[in-house]
Structure formats: structure tokens, C-alpha cells
Amino acid sequence: MTLAAHSESSETTRTPAATKRRLVVVSNRVAVPRPGRTGGEGGLAVGVKAALEESGGMWFGWSGKTVDYEQGEPEAASLSKAGQIAYATIDLSQRDYDEYYNGFANRSIWPLFHYRLDLADFNRRYLAGYQRVNALFARRLAPLLRDDDLLWIHDYHLIPMADQLRHMGCQQTMGFFLHIPWPSTEVLLALPNQRALVQSLCAYDLVGFQTEEYRKAFLDYCRRELGATILPDGTVEAFGRHVRTGTFPISIDTEPLAKAAEEASESRQIRRLRDSVRNRDLVIGVDRLDYSKGLLVRVQAYEHLLRAYPANRGRVVMLQIAPPSRMEVPEYKQLRNEMEGACGRLNGAFAEFDWTPVRYLNKGFSRRMLAGFYRTARVGLVTPLRDGMNLVAKEYVASQDPADPGVLVLSRFAGAAHELDGALIVNPYDLEATAEAMQTALSLDLEERRERYRTMFERLRIHDIDRWREDYLSALAA
């Protein structure tokens, strides 16, 4: 079995991560436990916490704080411990935050990797900040490492991290996992420093992707632009190194989430939601407020549903939850204004005195409440224009009532579309086809809904967040 197919194995038994070496996780932000703060953790936090708690380890990254370094940078990371996990965090200056995070990470890499070249800003000052902060991470992490540590570095913020550590003499085994899409070669070539970025990835021992499509796009670039040798198992020979590649679709904590959804369905908040909907069919979308999520075309597709299928007027309610993020970035401020305008115009055109067609909530909710919302909704609408995986799609499926499940309408451009074959797959740019899929989802009979749900839930039960973590760490330690 090749490494690329590693996570597609049919075996379902649990095996430990195949090593007793200490695991060191590095990510942009660190979820340090705070008194009174529970829940709300994303897939990364759920996945790596379990690995660190299992055998002990360290989680290193940015504290989330910005400070004014009038007296110079601190000489060491701040250390704390909770149970088996040691947390090591560093603060950033406002300049670092602006250039590294808001700048290169989220105005250069993020739009380009999501095929929005029209929004990408290739600024040399941003690139310098990105390299500077990665070097800062490396300088603060290196003194904390042991010779036999396994390093697991996450996401597009920290692509150069291993290269920085290698230049400092660190020889530990290092793996990288990309949570977002890897673009086609033609798109990547628009990034001025793409060759240096890929060379940085070649400093890792294992590079993991969400889908086989993204992995093949990376190999295609290496072959065409670097002249690298690609071995049959997906190993890249370039820059004097051998870099293994693999496909490891991230997932969710399936069975605990299903239980939480069942419990939440009888909570006071979910009863309030059901009472307010008043026996109408609920269509739900839950997304961070981001242009990659296809929010505007989703509202337009819903409007087309109401125009093309007028029987839905007064009988269907769309609930779109979109908590704001990265509001310092101008494109996100603009999107917020556009979404508020689009939802307002739709409601103005169709609302009746006792029915509002779309409810737009610009705030977040706990995972437990969201699970209850998902279970209440007849249709889950997950239509990103481009997405590395999209865990909302998986959470919607896991939260359904097996006796009376809803239907998932899913974009073909989400990584999850490669796994959730019971969904109705759509091209989100095709508004009419998306509206037709929504109409189909609203009208499917109970038996077909159950069958679609069963196949997807079984996939998620086997390939859950623990399986993702174990597959990756076993490959890294091999």
C-alpha cells in the first residue's frame, strides 16, 4: 500500500501512533486551556489534543496576543502545563501580526490557494514579515526540542518552519499538514516566491494533504517546475532531500458529536428554534465569514429557489450563521457589507408579515448548539467555492437523527465531496442547478434520505478525527 493511500485502508481497529517519542505540535495559534472556557474547538485542536494527552507532548505557537516590544523581544517562550500537555507560546508585535498574519498568510497565500487571484496582494513587505515570524518561531522552539522529538507542523502560516529549523541544525523528524487546498501549477505560478515556498516544504520528511487531487497538484509542480524525480510512492527527490507525500483527510469526533446532537435536540435553545420555524423546513448554512465559502452565491441560489419553486414561499426558512473573522482585512469588511445587503434585499422582496425567508446571524455558537441546529435542519447547505476539507459538511451528517435525517447539499469544490458520496453534489457557480438540488433535498422521501445518511455516517464513524491523527503520525514515525 502506498503512502498516498494510507488513510484509505479498510481496517477499522485502533492502533497507537506507533511511537513513544515525544510529539511536538506547532500551529499558528495554540488552544491553551483557560478557566471556564470549554468547547468551540476546531478539528485541529480536537485532533492534536488527543495525541498529546495520550503520551505527553508539547504544543507550540502564537499566544494570540500582540505586544509592543519597546525593550526588545522576550528571550524565551512562555511555558505552562495542563495534564500531560506542555504549552509553549510566544507573543507577536503588531508589525509582525500585520505583515505575517493579516499580510502574507491571509492576503497572499489564502486567496491564491483558494483560486482568488483577483484578491491576492503580493507585497514584499508581507513576505519579509512572513519569513521573519517563521524564523522567530524557530528560534524560540529550537531550545525546547529533544533529539528524538517528532514535530508535526500545521498549515499555510508555517510552511518555512522546517527550513528555518534545519538551518539551525535541527535534525528531528518533521511533518507538515496543509489544511487548505493546494492549487494547480498554473495558479501557483502567480505567487512570486512560489519556488522558495516549495523548497521550504522539501525540508520536511512528510507533507500531508487533504485530498489526492491536492497531493497530485503538488507533485505536478515539483515535476514541471523543479525537475524533481517523483518515485512511485509519491516521494519527491529535490534539493538533495527525499520528501514523502500522503493524503490524510481530516475529520471530526463523529460519535461524540452525534451524541451531543441528540442531547441538544431537547435543549431549551433548540426548542426555541423549532418553535420559531413553526413546522417549516429549515435550510442551514454555517460558515466563517470568508469569500471562499460562497456565501453570496448561496443567497442568490436560495433566491432562485423561491422564484423557480414558489411553493416554498412561506414553507422554507434559511438560517445562515456566519461569524466574522479577519475583519482587519479589507476584503472581509466588504464581504460583510455585501452579505448584509444581499440578505436584506432578499427579505425585502419575499418576506410576509409572518415569514422571513432568510435569517442571517453574524455571530458564533457553541459546538453543542450547532449540533442541535444541524439536527433540526432538513437541508444542510455547504457550498464553498473552494475548501480544503470543510468539516461543517461532516458535522451536519454526524448530527442527523438516523430515523429522520436531513439531506446534505455539498459543493464539488470542497474536499469533503471526495468522501461524502451520499450528498447532493453541486457546482456552486451554477445558481439554477444549486436551487434544483435544494428542491430535490426538500422533496426526497424518507427511505432515500436514510440510505444517503447511512453510507455517509458509516464513513465518518470509521474515518473520524482519531483515525486521521493515527494515520498521519504512524506515517510520520515510520
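What counts, and at which threshold
Residues numbered from 1 in each chain as written. Predicted model: local features only at pLDDT ≥ 70, side-chain atom pairs only at ≥ 80, totals over all residues. Heavy atoms only, no water. Phe/Tyr/Trp six-rings, centres within 6.5 Å; stacked < 30°, edge-to-face > 60°. Helix = DSSP H or I, 4+ residues; strand = E, 2+ residues; numbered from the N terminus. Buried < 20%, exposed > 50% of the residue type's maximum accessible area, 1.4 Å probe, protein only. Lys NZ or Arg CZ within 6 Å of the ring centre and 35° of its normal. Contact = heavy atoms within 4.5 Å. Polar contact = N/O pair within 3.5 Å; in protein donor to acceptor, adjacent residues only side chain to side chain. Axes fitted to C-alpha atoms, helices over the stretch in contact; angles between N-to-C directions. Parallel < 35°, antiparallel > 145°, perpendicular 65-115°, else oblique. Left-handed = near helix turned anticlockwise from the far one by under 90°. Nonpolar A, V, L, I, M, F, W, Y, C, P; charged D, E, K, R; others polar. Core = buried A, V, L, I, M, F, W, Y, C linked by side-chain atoms within 4.5 Å. Pairing = 2+ DSSP bridges.

Below, the discussion takes up the packing of aromatic side chains. Under the definition given, this model contains 24 aromatic pairs. Considering the side-chain rings of Trp182 and Phe209, the 6.2 Å spacing of their centres and the 80 degrees angle between planes classify their relative orientation as edge-to-face. Taken together, the residues span a long stretch of sequence, with Trp182 in the loop between strand S6 (173-177) and helix H5 (185-188) and Phe209 in strand S7 (residues 206-209) at a distance of 27 residues. Accessibility expressed as a relative area gives 2% for Trp182, which makes it buried. Residue Phe209 is classed as buried on the basis of its relative accessible area, which comes to 1%. The aromatic ring of Trp110 is capped on one face by Arg326, whose charged end is 4.3 Å from the ring centroid.

Along the chain, Ser265 falls in the loop between helix H8 (254-264) and helix H9 (268-277). Excluding anything up to four places from it in sequence, Ser265 contacts Ile270, Arg274 and Arg375.

When you line up the elements, Asp404 lands in the loop between helix H13 (391-398) and strand S15 (407-411). Residue Asp404 is classed as partly exposed on the basis of its relative accessible area of 34%. Expressed as a C-alpha distance, the spacing of Asp404 and Tyr453, which sit 49 residues apart in the sequence, is 9.5 Å. Apart from the residues lying within four places of it in its own chain, the contact partners of Asp404 are Arg378, Leu446 and Arg449. Within polar-contact distance, the side chain of Asp404 engages the side chain of Arg449 at 2.7 Å.

This next bit is on the packing of H13 against helix H15 (residues 446-462). For the pair H13 and H15, the least separation of the axes is 9 Å and the interaxial angle reads 115 degrees. Considered as vectors, H13 and H15 are oriented roughly perpendicular to each other. Both H13 and H15 take part in a crossing whose hand is left-handed. Contacts between H13 and H15 involve Lys394, Val397 and Ala398 from the former and Tyr453, Met456, Phe457 and Leu460 from the latter. Here the residues of the contact of H13 with H15 sort into six nonpolar, no polar and one charged.

Another aspect to go through is the nonpolar core. Side chains of a nonpolar character, in soluble globular proteins, are inclined to be buried together. Core analysis: the biggest nonpolar cluster contains 160 residues, and Phe137, Leu141, Trp182, Tyr302 and Leu408 have the highest contact counts within it. A per-element tally of this core places helix H2 (residues 94-113) first, with nine residues. Those residues in contact with Leu408 that sit more than four places away from it in its chain are Gly380, Val382, Ala393, Tyr396, Val397, Leu420, Ala423, Leu424 and Met456.

Of note in this structure, Arg278 is not a glycine but carries a positive phi near 60 degrees. Within the secondary structure, Arg278 is located in the loop between H9 and strand S11 (281-286). A positive phi angle, near 50 degrees, is found at Arg326, a position not held by glycine. By secondary structure assignment, the location of Arg326 is in the loop between strand S12 (316-321) and helix H11 (330-350).

So, on to the sheet that holds strand S5 (residues 150-154). Sheets are built from strands that pair by backbone hydrogen bonding, the pairs being arranged parallel or antiparallel. The ten strands lie next to each other as S3-S4-S2-S1-S5-S6-S7-S10-S9-S8, forming an open sheet whose pairing is mixed. Because the sheet does not close on itself, it has two edges, and the strands there are strand S3 (78-82) and strand S8 (229-230). As paired elements, strand S9 (residues 236-238) and strand S10 (residues 241-247) share three bridges and run antiparallel to each other. Its bridge partner lying in S10, Val236 is registered against Val243. In this fold helix H16 (residues 465-477) packs onto strand S1 (23-29), S5, S6, S7 and S10, with an angle of close to 125 degrees to the strand it touches most, S5.

A word on the pairing of S6. With five of five residues buried, S6 lies mostly within the body of the structure. Side chains Thr173, Gly175 and Phe177 project from S6 onto one buried face, and the interleaved Met174 and Phe176 project onto a second face that is buried too. Where S5 and S6 come together, five bridges link them in parallel fashion. Across the sheet, Trp152 pairs through a bridge with Gly175, a residue of S6. Examined bridge by bridge, S6 and S7 share three bridges and lie parallel to one another. Considered in S7, the bridge of Gly175 is made with Leu206.

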